[in-house]
Amino acid sequence: MATEARSAVRAARRSDLQALADLRMRFLGEVAHAEPRLRLLADARARTEQTLPVWMGQDDRILIVAEGEASGEDDAAAPIVGYAMGLFSTVPPVLRHTHVGEILEIYVLPDVRGKGLAGALLDVLTEALTGRGAEVLRAAAPIAGNADVARIERAGYQPLQYVLERRLDTV
Amino acid sequence: MEGVPIRNARRGDIPSLLLLWNAMMKEISATDSRFALHARAQEHQTAQFQRWLQDEKHLIVVAEEGGRLITGFAIASVTAGNGWQIPVRVGRISDIYVAAPRRRQGVARRLTGRLLDLLYETGVGTVRLSVAVGNDGAHAFWRSMGWDDLEVVLQKGVEPGQETAPGA
């Protein structure tokens, strides 16, 4: 299943932009549902549609998609059922490793989960960031979405830091 | 109880700030090698302190004993949110440290209180900070102050066995 899932992953193309925007809003919506402190701003959709084409043109950003099965109709393109985004950064010289690969987002539609697509997206993204020169890879996940944390840990990542939050109107 | 005075940092505090920052990083990296410092960290941090003290988006406060001895410091900044999720602006506490002999005297609470007051004055409604996973004392401290876990940051070294989490 892992090989099959991996073969469904490819680099995103301009023609994927609309599907990517839809998937990203579903991803952000699921995060907001699990963690209300990360709920969406009113113009999140518009910002996503503006920003995705910019991201796609950036050398330090990696956008990949997972294709589902084509419908079988002539010339029917395989639908995009998942995506992942990463960023390669050179950070200031505070900690020893300054070339950091960040796993920013990974999402697979609910009805195709359990087929290894999220793991394949993570593997391909990890390899792409490593190929750019990343010395360490980092991924942040809401505590409330602990399934994401478990998947990332299975890929060899280990907890580094907790991010805590406080509202100032409760001080 | 009257505590040690807390005040905004000044340029003349930079040598003391660097000493305390080094002590803080030494403590953190002693328990987790993933926080080992870069060879140019000193040089970089000196420049950072100089920049931050002139930048209104950075707030640095210090605890000063007897009008001359800096025994703790805390740093925060105000940044834009990510653009899709709340908050629109967020305060971030990046560093807080109290010299070991001065702990358990409420200095960290006072430093935090002053920073939160200053952040509130900037109009920020949400503040975030990070705690290393092995630093159970700090994690418990922040939770006792009303902070809640939001996210976990995970890391993987590229080379096999390059770095591991404490206790892994």
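For the structure itself, consult the block above.
Residues numbered from 1 in each chain as written. Chains lettered and ligands numbered in written order. Predicted model: local features only at pLDDT ≥ 70, side-chain atom pairs only at ≥ 80, totals over all residues. Heavy atoms only, no water.

Moving on: the interface of chain A and chain B. At the interface, 54 residues of chain A touch 52 residues of chain B. Of the roughly 5,300 Å² buried at the junction of chain A and chain B (both faces included), carbon and sulfur atoms supply 60%. Scanning the region where chain A abuts chain B turns up 30 residue pairs in polar contact (both at pLDDT 80 or more). Mapped onto the side of chain A that touches chain B, the elements with two or more residues apiece are α2 (17-34), α3 (44-56), α4 (117-131), β5 (136-142), α5 (146-154) and β6 (158-167) of chain A. A total of 10 residues in the side of chain A that touches chain B trace back to one element, the largest contributor, which is β6(A). Grouping the constituent residues of the side of chain A that touches chain B by class yields 31 nonpolar, 9 polar and 14 charged. (Contact = heavy atoms within 4.5 Å. Buried area = accessible area lost by both parts, 1.4 Å probe. Polar contact = N/O pair within 3.5 Å; in protein donor to acceptor, adjacent residues only side chain to side chain. Helix = DSSP H or I, 4+ residues; strand = E, 2+ residues; numbered from the N terminus. Nonpolar A, V, L, I, M, F, W, Y, C, P; charged D, E, K, R; others polar.)

Moving on, we get to unusual backbone geometry. Residues and elements named next belong to chain B. Cis geometry marks the peptide bond from I86 to P87, where omega comes out at 0°. Note that P87 resides in the loop between β3 (69-80) and β4 (89-98). In this structure, R104 is a non-glycine residue whose phi angle is positive, near 60°. Turning to its location among the elements, R104 is positioned in the loop between β4 and α3 (107-121). R104 gets classed as exposed once you look at its relative accessible area, which sits at 87%. (Buried < 20%, exposed > 50% of the residue type's maximum accessible area, 1.4 Å probe, protein only.)

In this section: the packing of aromatic side chains. One pass over the structure, following the stated rule, counts 7 aromatic pairs over all chains. Taking 6.1 Å as the distance between ring centres and 65° as the angle between the ring planes, the aromatic pair formed by A:F27 and A:Y107 counts as edge-to-face. Here A:Y107 lies in strand β4 (residues 99-108) and A:F27 lies in helix α2, a separation of 80 residues in the sequence. A:F27 gets classed as buried once you look at its relative accessible area, which sits at 12%. The exposure class of A:Y107 is buried, given its relative accessible area of 3%. A ring pair is formed by B:F141 and B:W142, whose centres lie 5.0 Å apart and whose planes are at 75°; its orientation type is edge-to-face. With a relative accessible area of 5%, B:W142 lands in the buried category. One aromatic cluster is present, formed by A:F27, A:Y83 and A:Y107 through successive ring pairs. Between the NZ or CZ atom of A:R24 and the centre of the ring of B:W84, over which it lies, the distance is 4.1 Å. (Phe/Tyr/Trp six-rings, centres within 6.5 Å; stacked < 30°, edge-to-face > 60°. Lys NZ or Arg CZ within 6 Å of the ring centre and 35° of its normal.)

All names here are of chain A. At a closest axis distance of 10 Å, the pairing of α2 and α3 adopts a crossing angle of 125°. The angle between the axes of α2 and α3 places the two elements in the oblique class. Viewed along their axes, α2 and α3 form a crossing whose handedness is right-handed. In this structure, α2 uses L17, Q18, L20, A21, D22, R24, M25 and L28 to contact α3, whose residues at the interface are A44, R45, T48, E49, L52, P53, W55 and M56. For the contact of α2 with α3, a count of residues per class yields 10 nonpolar, 2 polar and 4 charged. (Axes fitted to C-alpha atoms, helices over the stretch in contact; angles between N-to-C directions. Parallel < 35°, antiparallel > 145°, perpendicular 65-115°, else oblique. Left-handed = near helix turned anticlockwise from the far one by under 90°.)

What follows is about the layout of surface pockets. All names here are of chain A. Within this model, the second largest pocket holds a volume of roughly 490 Å³. Looking at the second largest pocket, it is lined by 23 residues, and the ones nearest its centre are R113, A118, A147, D148 and R151. With 5 residues, the single largest contributor to the lining of the second largest pocket is α4. Residue composition of the lining of the second largest pocket, grouped by class: 12 nonpolar, 4 polar and 7 charged. (1 Å grid on protein atoms, 1.4 Å probe; cavity = no way out; pocket = protein on both sides within 12 Å on 5 of 7 lines; lining within 4 Å. Points joined across faces, edges and corners; volume = space filled by probe spheres on them.)

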